[in-house]
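Okay, here's what each chain looks like letter by letter:
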Amino acid sequence: QVQLVESGGGLVQAGGSLRLSCASSGRTFSSYAMGWFRQAPGKERECVAAINWSGGGTYYTTSVKGRFTISRDNTKNTVYLQMNSLKPDDTAVYFCAAARTSYLTTALDVFGTWGQGTQVTVSS
């Protein structure tokens, strides 16, 4: 059982950067793979990045490769998404989620715990 709270969203100009944080109140944070998802109005929820339990395995959707970096600090029970070179198409609500497995996954139904979401808006 993990409770997740995202922070760090906001309004930025194209080309700017944001760092999203996802803090967990759970005591077994390091047991779970984690993911960042985003959903824009009228669009399906998309897995942006994911990370396995140790941080040694990561996934990025093609559109963010080279711009976004997912990381985790298990001593702080926190997962991060560093977003650089932001584009207007990155505008969405970003959700942090914890998987039911320790292994790297992007499958929506494997992520059982979700944060409330944080809005990222990139202006042109």
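Now for a description of the structure that goes with this document. (Residues numbered from 1 in each chain as written. Predicted model: local features only at pLDDT ≥ 70, side-chain atom pairs only at ≥ 80, totals over all residues. Heavy atoms only, no water.)

### Some details on the overall build of the chain
Okay, so step 1: On a plain count of helices and strands, the chain comes out with 0 helices and 11 strands.
Okay, so step 2: Secondary structure elements in the chain, listed N-terminal to C-terminal, are β-β-β-β-β-β-β-β-β-β-β.
Okay, so step 3: Structurally, the chain occupies a C-alpha span of about 40 × 25 × 25 Å along its principal axes.
Okay, so step 4: For the chain, the proportion of its 124 residues judged to be buried stands at 44%.
Okay, so step 5: When contacts within the chain are restricted to residue pairs at least 6 apart in sequence, those whose partners lie at least 24 apart make up 58%.
Okay, so step 6: Accessible area of the chain: about 6200 Å², with a carbon and sulfur share of 47%.
Okay, so step 7: The positive charge centre, built from 11 side chains, and the negative charge centre, built from 7, are 5 Å apart in the chain. (Helix = DSSP H or I, 4+ residues; strand = E, 2+ residues; numbered from the N terminus. Buried < 20%, exposed > 50% of the residue type's maximum accessible area, 1.4 Å probe, protein only. Contact = heavy atoms within 4.5 Å. Areas by Shrake-Rupley, 256 points an atom, 1.4 Å probe, with all protein chains shown as cover. Lys, Arg positive; Asp, Glu negative; His and termini not counted. Charge placed at Lys NZ, Arg CZ, Asp CG, Glu CD.)

### Examining unusual backbone geometry
Okay, so step 1: Non-glycine residue Asn77 carries a positive phi angle of around 55 degrees.
Okay, so step 2: Despite not being glycine, Ser85 has its phi angle at roughly 50 degrees, a positive value.
Okay, so step 3: With respect to the secondary-structure elements, Ser85 resides in the loop between strand S8 (78-83) and strand S9 (92-99).
Okay, so step 4: Taking relative accessible area as the criterion, Ser85 reaches 39% and is therefore assigned partly exposed.

### A word on the nonpolar core
Okay, so step 1: Within the largest apolar cluster, 27 residues are counted, with the highest numbers of intra-cluster contacts made by Met34, Trp36, Val79, Leu81, Met83 and Tyr94.
Okay, so step 2: Secondary structure elements with two or more residues in this core: strand S3 (18-24), strand S4 (34-39), strand S5 (46-51), strand S7 (68-73), S8, S9 and strand S11 (118-123).
Okay, so step 3: The dominant element in this core, judged by the number of residues it contributes, is S9, at 4 residues.
Okay, so step 4: In this view, Met83 contacts Gly16, Ser17, Leu18, Leu20, Arg67, Phe68, Tyr94 and Val120; residues no more than four positions away in its chain are not counted.
Okay, so step 5: Residues Ala33, Ala97, Ala99 and Phe111 belong to the second largest nonpolar core, which totals 7 residues. (Core = buried A, V, L, I, M, F, W, Y, C linked by side-chain atoms within 4.5 Å.)

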